[in-house]
Amino acid sequence: MRETRADTALSTMFAVGLHLLLLLLLFVGLKWSHPVTPDAAAGAAVEADLVDPNALPASMQRALAATAPATPSQPQPVEPPPPQPLPSPVPDAAQTVPQPLAQEALPVPDQRDQERVDREALSAELRAREQDEKQRQQQIDLTRRQQQQQAEQQQQLARQSLEEQIRKIREARRQASHEADLAEQKLKQIADVRQRAAQSSQATADSNASPPPGNNGVDAGLLARYRAALGDAIQRNWIRPDSVPLGRPCKLQIRQLPGGEVIDVQVLEPCPYDDLGKRSLEAAVLKAQPLPYAGFESVFSRTLDLKFQPEEH
C-alpha cells in the first residue's frame, strides 16, 4: 500500500506529541523526590522528659540536692563515646524508577526517495513475475515440443511399418508373378515342342503329296496352319491387359528372317486396342521368337501380315 503525504504528516504529529509527553513525565519525576530518612544510631532509643525542678515535691528536691555533686573548681575532661558501627543501609521501598530517555525524532522520509523505493520494489516484483511467467512458458513450450516429437516419432514408425508391409507384399507378388511366368514358360515350351513335332510330322507328310492345282504349288492348308502356329506362339507369350477385349482382332505386320528371327513388328491400323494393348502385342511377338519355321519353309515369307485374334486361355 503506498503512503500518501497526509499519512506522513499524521505520523510526524504523533511522533512529536509522544516526545513532548515523555519530556513532561521526566520533568515531573525530577521534581518529585522522596524524603531522605536520617541514619539511626546503634542501640536502644533514649526517651527523656523535661521536668521543672521547682515543681517537684520537697522530698525529691532534698534528695536531688544530697546527690548532686559538688561543683568542681575545674571542669573534668569528658571522654568521647566509643565509635558506633554504621547502620546497615535500609533499602528504600520507594526507589525512584529511572525515566526512559526521550526517543529521538524519527526522520521524515523524503517523498521522492519514497517514490523511488516504491518504484524499485514494484519493478522488482514485476521482474519476478515476468521471470516466473517466462519459466512457466518455457516449460509449456518444452512439453509441447516433447509431445510433438513423440507424435512425429510414432507417425514415422507407423509409416515405416506400413512401407515395410507394402514392400513385403510387393516382393511376394513379384515372386509369385515370377514363379507363374516360369511355370507358364515351361508349359509353353512343352506345348511348343509338341506342336513343332506335330507340325514336322505333318510337313513331312504334306511334302510327299502333290500341291493342289491352280495355287502355284502353295498348299493352302499348310499356309493356314502356319498362320495358326504364329497366332498360337504370340498368344502364349502375350499378357493381355484388362483393357483389351476378347474376340476383337488386330492386324500385325511382321518382318522376319528364315528360322523365325523377328526383325521388326508393327501394329497396323485400324486396331481396336489402346496404346497399352498395342505395345503388349508387339512385345509378345518379340518374346515368341524364334517364330515357327520348321516344316513351313514352303509358305515362309519375310514380310507377313497376320490377323491376330485374342482368345481366352
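All figures in this text were calculated on a predicted structure; none of them were measured in a lab.

**Student:** Go over the overall build of the protein chain, please, and point to the residues and values.
**Tutor:** A tally of regular secondary structure across the protein chain gives five helices and three strands. When the helices and strands of the protein chain are placed in sequence order, the string is α-α-α-α-β-β-α-β. Roughly 25200 Å² of accessible area belongs to the protein chain as shown, and the carbon and sulfur atoms make up 57% of that amount.

**Student:** Which residues make up the pattern of salt bridges, and what are the values?
**Tutor:** Applying the stated criterion to the full structure yields six salt bridges. In this structure, glutamate 133 and arginine 136 form a salt bridge, with 2.5 Å as the shortest nitrogen-oxygen distance. Of this pair, glutamate 133 and arginine 136 both sit in helix H3 (residues 111-208), separated by three residues, roughly a single helical turn. The class for arginine 136 is partly exposed, based on a relative accessible area of 44%.

**Student:** Before we move on, could you go through the state of the cysteines and cite the residues and values that matter?
**Tutor:** One pass over the structure, following the stated rule, counts one disulfide. For cysteine 250, the disulfide goes to cysteine 271, at an S-S distance of 2.1 Å. Judged by the torsion about the S-S bond (-125 degrees), the cysteine 250/cysteine 271 disulfide is left-handed. Of the two residues, cysteine 250 is situated in strand E1 (residues 250-256) and cysteine 271 in the loop between strand E2 (262-268) and helix H5 (275-288); the sequence distance between them amounts to 21 residues. The residues cysteine 250 and cysteine 271 share a single accessibility class, namely buried.

**Student:** Lay out a nonpolar patch on the surface in plain terms, naming residues and giving numbers.
**Tutor:** Residues Leu21, Leu24, Leu25, Phe27 and Val28 make up a contiguous nonpolar surface patch of about 480 Å² in total accessible area. As for its position among the elements, valine 28 is in helix H1 (residues 5-31).

**Student:** Account for the sheet that holds E1, naming residues and giving values.
**Tutor:** Read across the open sheet, the three strands follow the order E2-E1-E3; overall the sheet is antiparallel. Single-partner strands in this sheet number two, and they are E2 and strand E3 (303-308). Taking the axes of each pair of neighbouring strands and ignoring which way they run, one obtains an average angle of 25 degrees across the sheet. Note that E1 and E3 share six bridges and pair antiparallel.

**Student:** For the environment of tyrosine 293, give the residues involved together with the corresponding values.
**Tutor:** With respect to the helices and strands, tyrosine 293 occurs in the loop between H5 and E3. Filtering out sequence-adjacent residues up to four positions away, tyrosine 293 remains in contact with Pro258, Gly259, Gly260 and Phe300.

**Student:** If you had to explain the nonpolar core to someone new, which residues and values would you point to?
**Tutor:** Formed by 27 residues in total, the largest nonpolar core has its most connected members in Tyr226, Ile234, Leu252, Ile254, Leu281 and Val285. When contributions to this core are tallied by element, the ones reaching two or more residues are helix H4 (220-236), E1, E2, H5 and E3. Among the elements that make up this core, the one with the highest residue count is H4 (six residues). If we skip the residues at most four places from it in the chain, isoleucine 234 touches Leu252, Ile254, Leu281, Ala284, Val285, Ala288, Leu306 and Phe308.

**Student:** Break down H5 for me, citing the residues and quoting the values.
**Tutor:** Three or four residues apart is the spacing at which side chains of an α-helix point the same way, because the helix has 3.6 residues per turn. With 14 residues, H5 extends 20 Å from end C-alpha to end C-alpha; this agrees with the ideal 20 Å at 1.5 Å per step. Those residues of H5 lying buried are Gly277, Lys278, Ser280, Leu281, Glu282, Ala284, Val285 and Ala288. Packing partners of the buried residues in H5 comprise H4, E1, E2 and E3.

**Student:** Account for the confidence of the model for the protein chain, naming residues and giving values.
**Tutor:** Averaged over the protein chain, the pLDDT score is 76; the fraction of residues at 70 or greater is 65%. By mean pLDDT, helix H2 (residues 58-67) is the weakest element of the protein chain at 71, and E1 is the strongest at 92. Here residues 207-217 is a poorly scored stretch, pLDDT under 50, and it has four contacts once near neighbours within four places are set aside; other chains count.

**Student:** I'd love a proper account of the packing of aromatic side chains, names of residues and values included.
**Tutor:** In total, this model carries four aromatic pairs according to the counting rule given. Ring geometry for tyrosine 226 against phenylalanine 296: centres 5.2 Å apart, planes inclined by 40 degrees, an arrangement best described as tilted. Here the residue tyrosine 226 occupies a position in helix H4, and phenylalanine 296 occupies one in the loop between H5 and E3, the gap between them amounting to 70 residues. You'll find tyrosine 226 and phenylalanine 296 in the same group, each marked buried. With a centroid separation of 5.5 Å and 85 degrees between ring planes, the pair formed by tryptophan 238 and phenylalanine 308 is classed as edge-to-face. Taken together, the positions of tryptophan 238 in the loop between H4 and E1 and phenylalanine 308 in strand E3 put the pair 70 residues apart, joining distant regions of the chain. Put simply, the rings of Trp238, Tyr273 and Phe308 touch in pairs and so form one group of aromatic residues.

**Student:** Lay out the pairing of E1 with the relevant residues and their values.
**Tutor:** Strand residues, when the strand is regular, have side chains that alternate between the two faces of the sheet. The side-chain alternation of E1 yields one buried face, formed by Cys250, Leu252, Ile254 and Gln256, and one unburied face, formed by Lys251, Gln253 and Arg255. As judged from the six bridges shared by E1 and E2, these two strands associate in the antiparallel manner. Bridged to lysine 251 within E2 is leucine 268. Between E1 and E2, which pair antiparallel and follow one another directly, the connecting turn spans five residues, one of which, glycine 259, has a positive phi of 110 degrees.

Reading the values: the criteria
- Residues numbered from 1 in each chain as written.
- Predicted model: local features only at pLDDT ≥ 70, side-chain atom pairs only at ≥ 80, totals over all residues.
- Heavy atoms only, no water.
- Helix = DSSP H or I, 4+ residues; strand = E, 2+ residues; numbered from the N terminus.
- Areas by Shrake-Rupley, 256 points an atom, 1.4 Å probe, with all protein chains shown as cover.
- Salt bridge = Lys/Arg side-chain N within 4 Å of Asp/Glu carboxyl O.
- Buried < 20%, exposed > 50% of the residue type's maximum accessible area, 1.4 Å probe, protein only.
- Disulfide = S-S within 2.5 Å.
- Patch = residues over 30% accessible without salt bridge, like charges linked within 9 Å, V, L, I, M, F, W, Y side chains within 5 Å.
- Pairing = 2+ DSSP bridges.
- Axes fitted to C-alpha atoms, helices over the stretch in contact; angles between N-to-C directions.
- Contact = heavy atoms within 4.5 Å.
- Core = buried A, V, L, I, M, F, W, Y, C linked by side-chain atoms within 4.5 Å.
- Expected span 1.5 Å × (residues − 1).
- pLDDT = per-residue confidence, 0-100.
- Phe/Tyr/Trp six-rings, centres within 6.5 Å; stacked < 30°, edge-to-face > 60°.

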